[in-house]
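# Residue-level structure breakdown
For reference, the chains in residue letters:
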Amino acid sequence: MNVATVKLFLEVLEAGSLSKVAARRQTVQSHISRQISDFEATFGGPLFRRTGRGVAPTELGERAAVRLRSWLLETDRLAQELREESGKLLGEVRLGVIPSAAHPLMTRLFQRLQVEHPGIRLNIAEAQGTELNAMLDSGAVDMAILFRFNRPSGHEEKLLSVAHTYLIAAPGDELTKEPTVNFSRLSGLRLVLPRRPSHWRNALDEAARSLGFTLTPIAEVDSLTMQKELVASTTGLYSMMGPYSIAEELQRGRLQASKLVKPDLFRHVTLAFPKQGKLSPACKVVAEIIQQLVNAWGSLTEPTADEESGHAHN
């Protein structure tokens, strides 16, 4: 049985769509469909049925998925053990990460691994929290960096840091010159907000409702990069983001930021692991380095006092 084909089958199962998997792999849907058809032929029956929105597993597909996940874990574990016996730590680590934590953390992680463990290969999936949770549950990633509103407990998640929320604007903006700004000041502002459905958008809307007003976005955008570009290039336009998202722009002086208070909206940045199965040695090393990087670099989680008021260091 081909490991790559088994991984493809499980990826399609998790995505529920041949076209989504084709887009992720930068290939055409017919290529994915042909591989799945060949794989189904070895089982003597269809593993998927077509739906209005994509594909769903048949009863045979669901049974196969349970067995194949266990087989894949055992195969990966055996391969890793054999590599370790050669005296060199090798292997792929599949890491899911929320967009706002992708940089600079992933860049620093990659650089550390290149120096200390060049045999470890990163496979990074950038997605929103809901999708990352599903990928963890399905075994599509080995670990994930997530935002949680509640402090994590138990061995399945480790707290990396606490991220507060900042109101961002173009340089020279009067409202964000002070270190903090009350959430109530957002009433009537021209805002760029994330599109629904979004847990973060729900939290922002609920905070506004609790203070007796409604947030009125003039644009709703999924892309963090696009949100920041719109704000940086438009006087009097604002958005709300965590410190990971804006660290580089603050340092370059492209954005100005003030911490939102009353209420202080903060989220817990966590490193989450699958509920079942144990981590490979390569995964354990990556998890340790991620925690070391966060602990060693305070600005990864919070801008400095000068950056909060828009005066970034050069």
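Quick summary incoming for the structure in this document. (Residues numbered from 1 in each chain as written. Predicted model: local features only at pLDDT ≥ 70, side-chain atom pairs only at ≥ 80, totals over all residues. Heavy atoms only, no water.)

Turning our eyes to something else, we now look at the overall build of the chain. Of regular secondary structure, the chain possesses 11 helices and 13 strands. When its C-alpha atoms are laid out on the principal axes, the chain stretches across 65 × 50 × 35 Å. Residue burial in the chain is summarised as follows: out of 314 residues, 47% are buried. Taking all contacts inside the chain whose residues are at least 6 apart in sequence as the whole, residues at least 24 apart take part in 75%. Counting every atom, the chain has about 16100 Å² of accessible surface; 49% of that belongs to carbon and sulfur. In the chain, the 37 positive side-chain charges and the 35 negative ones have mean positions that sit 3 Å from each other. (Helix = DSSP H or I, 4+ residues; strand = E, 2+ residues; numbered from the N terminus. Buried < 20%, exposed > 50% of the residue type's maximum accessible area, 1.4 Å probe, protein only. Contact = heavy atoms within 4.5 Å. Areas by Shrake-Rupley, 256 points an atom, 1.4 Å probe, with all protein chains shown as cover. Lys, Arg positive; Asp, Glu negative; His and termini not counted. Charge placed at Lys NZ, Arg CZ, Asp CG, Glu CD.)

Further remarks concern unusual backbone geometry. At the junction of R196 and P197, the peptide bond is cis and its omega measures out at -5° in the coordinates. Among the structural elements, P197 can be located in the loop between β9 (190–193) and α7 (199–210).

Okay, the packing of aromatic side chains next. In total, this model carries five aromatic pairs according to the counting rule given. Relative to F43, the ring of F39 lies with its centre 5.0 Å away and its plane at 70°, an arrangement referred to as edge-to-face. Ring plane angle 25° and centroid distance 6.5 Å describe the contact between F149 and W200, whose orientation is recorded as stacked. Of this pair, F149 sits in the loop between β5 (143–148) and β6 (157–164) while W200 sits in helix α7, and the two are 51 residues apart along the sequence. Assessed through its relative accessible area of 42%, F149 is described here as partly exposed. For W200, a relative accessible area of 13% gives the class buried. (Phe/Tyr/Trp six-rings, centres within 6.5 Å; stacked < 30°, edge-to-face > 60°.)

Attention shifts here to helix α10 (residues 281–296). Across its 16 residues, α10 extends 22 Å between first and last C-alpha, which sits within 8% of the 22 Å expected from 1.5 Å per residue. Every buried residue of α10 is accounted for by A282, C283, V285, V286, A287, I289, I290, L293 and V294. (Expected span 1.5 Å × (residues − 1).)

Let's shift gears to the pattern of salt bridges. One pass over the full model with this rule turns up 20 salt bridges. R94 is the salt-bridge partner of D142, the closest N and O atoms lying 2.8 Å from each other. Taken together, the residues span a long stretch of sequence, with D142 in the loop between α6 (129–138) and β5 and R94 in strand β3 (residues 91–97) at a distance of 48 residues. The buried category is assigned to D142, whose relative accessible area is 14%. For E116, the salt bridge is made with R112, and the minimal N-O distance between the two is 2.6 Å. Pair noted here: E116 and R112 are both in helix α5 (residues 105–116), with a separation of four residues, about one helical turn. Here E116 falls in the partly exposed class, since its relative accessible area comes to 40%. (Salt bridge = Lys/Arg side-chain N within 4 Å of Asp/Glu carboxyl O.)

Let us now look at the sheet that holds strand β12 (residues 256–261). Strands in a sheet are paired, the pairing made by backbone hydrogen bonds, and the direction either parallel or antiparallel. An order of β8-β12-β7-β11-β9-β10 is seen for the six strands of this open sheet, with the pairing classed as mixed. The sheet is open, and its two edges are formed by β8 (180–182) and β10 (217–220), each paired on a single side. Sheet twist, expressed as the average angle between the axes of neighbouring strands with direction ignored, equals 35°. Note that β8 and β12 share three bridges and pair parallel. Considered in β12, the bridge of N182 is made with V261. (Pairing = 2+ DSSP bridges. Axes fitted to C-alpha atoms, helices over the stretch in contact; angles between N-to-C directions.)

As a further point, take the environment of G16. Relative to the helices and strands, G16 is located in the loop between α1 (3–15) and α2 (18–24). Sequence spacing of G16 and I218 is 202 residues, and the spatial spacing of their C-alpha atoms is 33 Å.

Moving on, we come to the packing of α1 against helix α3 (residues 29–41). Running from amino to carboxyl end, α1 crosses α3 at an angle of 110°, the nearest separation of the two axes being 10 Å. Put simply, α1 runs roughly perpendicular to α3. Crossing geometry of α1 relative to α3 is assigned as left-handed. Together, T5, V6, L8, F9 and V12 of α1 and I32, Q35, I36 and F39 of α3 make up the contact between the two elements. A class-by-class count of the residues in the contact of α1 with α3 yields seven nonpolar, two polar and no charged. (Parallel < 35°, antiparallel > 145°, perpendicular 65-115°, else oblique. Left-handed = near helix turned anticlockwise from the far one by under 90°. Nonpolar A, V, L, I, M, F, W, Y, C, P; charged D, E, K, R; others polar.)

As summarised here, the arrangement of the five strands in space is β4-β3-β5-β13-β6, forming an open sheet in which the pairing is mixed. One side of each edge strand has no neighbouring strand; the edge strands of this open sheet are β4 (120–126) and β6. Strand-to-strand twist in this sheet, taken as the mean axis angle between neighbours without regard to direction, amounts to 20°. Relative to the sheet, α10 contacts β3, β4, β5, β6 and β13 (266–272), its axis offset from that of β6 by approximately 30°.

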